[in-house]
Amino acid sequence: MSFALGPRARSAQYRLVSFDTLNSTNAEALTRLPTGECGQLWLATVHQTAGHGRRQRTWISPSGNLACSVIETLTADHTKAATLGFVAGLALEAALRQVGGDAGLFRLKWPNDVLAGNAKLAGVLIEAKTIPDGLAAVVGMGVNVVAAPEDTPYPATSLKTLGIVTDAETLFSALADAWAEWFAVWDHGLGFETIRTHWLARAAGLGAPIEVRLGERVIGGVFETIDEAGRLVVSYGGGVTTVTAGDVYFGAAMSAGAA
Ligand code: BTN
């Protein structure tokens, strides 16, 4: 295991701590906040044993997959901090292209998954905490490099399954550089409109029928756009609604999700 930051991340003053194995890079990042850690720090591992995902789900990350988190101190509030998920999506897409994916292979799925074809390849989890200097955001990213879990609510794939030969360390360097670039564009939320435009250009299912599930509630309609706060805008039967949180299904996965 030899993780290293890319040149862009190094010149932007990021630091890195890496682990052979770790329970969760997000959990480890959160334990460092009370000690005064306020970033810009990356934590990375190729073997995460107790990863967690959105909505208290388990994130399975066997040896060889990439699990990493970056700590950033923000001047933004919690609502703006949530839009960092779109920054992470753009950074992941750029890094994945760099290690060998064809342009257009990777699409971004609201709120912040990366798909390859119709299957999930990467996920993002943001956890934010108030600190004396403002708000500390921990942006966790997991990529299925060598293996993808089976029997997930949404089909999953890995770079290996896609025939892309790389490793977690190579992908991480590209990701740290891409993050430095897109985080600067985001500019503590002031640049979200630019992020939004780029995200929409890579969005999966835009203009197509979707289903959004939030617990027992299901909203069906057409995915119109994301708004200025990153909310999903869905039209249905002459009306429009915005969604702040939920799981999106489309295409074949829509029927599977509804089952
Ligand atoms: C999701 O799709 O539900 C989000 C998954 C986020 C997983 C990453 S792996 C690195 C970081 N550490 C964690 O425990 N979770 C995130």
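Residues numbered from 1 in each chain as written. Predicted model: local features only at pLDDT ≥ 70, side-chain atom pairs only at ≥ 80, totals over all residues. Heavy atoms only, no water.

So, the site of the ligand
Filter applied, for reference: The rule for a residue being near a molecule or strand is that one of its heavy atoms must lie within 4 Å of it. For the purposes of these results, a polar contact is taken to be a pair of N or O atoms within 3.5 Å, where, inside protein, one atom must be able to donate a hydrogen and its partner to accept one; residues adjacent in sequence count only when each atom of the pair is a side-chain atom. Every accessible area reported is derived by Shrake-Rupley at a probe size of 1.4 Å, with residue values counting cover from the shown protein chains alone. Helix and strand labels come from DSSP, where a helix needs a run of H or I of at least four residues and a strand needs a run of E of at least two; each type is numbered from the N terminus. Classes in brief: Ala, Val, Leu, Ile, Met, Phe, Trp, Tyr, Cys and Pro nonpolar; Asp, Glu, Lys and Arg charged; the others, Gly included, polar.
Taken together, 20 residues are adjacent to the ligand, and Ser24, Gln48, His52, Arg54 and Lys120 come closest. Residue Asn26 places a main-chain N or O atom 3.4 Å away from a nitrogen atom belonging to the ligand. In the environment of the ligand, a nitrogen atom lies 2.7 Å from a nitrogen or oxygen atom belonging to the backbone of His52. Out of a free accessible area of 410 Å², the ligand has 98% covered by protein chains. Every element with two or more residues in the shell around the ligand is listed here: α2 (25–32), β3 (48–52), β5 (66–74), β8 (119–131) and β9 (134–143). A per-element tally of the shell around the ligand places β8 first, with four residues. Considered class by class, the residues forming the shell around the ligand number six nonpolar, eleven polar and three charged.

Here we look at the state of the cysteines
Using the following cut-off: Our working definition of a disulfide is a cysteine sulfur pair at a distance within 2.5 Å.
Per the stated rule, a full pass over the model turns up zero disulfides. With no disulfide of its own, Cys38 lies closest to Cys68 among cysteine sulfurs, the gap being 20 Å.

Observations regarding the domain arrangement of the protein chain
Selection criterion: Throughout the structure description, domain borders are defined by an automatic or database domain assignment. Throughout, buried area stands for the accessible area (probe radius 1.4 Å) lost by two parts on being put together, summed over both. When a carboxyl oxygen of Asp or Glu lies within 4 Å of a side-chain nitrogen of Lys or Arg, that pair is called a salt bridge.
Here the protein chain is partitioned into domain 1 (7–201) and domain 2 (209–255). Computed from C-alpha atoms alone, the centre-to-centre distance between domain 1 and domain 2 is 23 Å. Of the roughly 1,400 Å² buried between domain 1 and domain 2, counting both surfaces, carbon and sulfur atoms make up 59%. The tally of links between domain 1 and domain 2 comes to three salt bridges. Note that Asp247 is salt-bridged to Arg55, the shortest N-O span being 3.3 Å. Between the two partners, domain 1 and domain 2, sit seven residue pairs in polar contact (both at pLDDT 80 or more). Broken down by element, the side of domain 1 that touches domain 2 gets its largest block of residues, four residues, from helix α6 (residues 192–201). Split into classes, the residues belonging to the side of domain 1 that touches domain 2 amount to ten nonpolar, one polar and six charged.

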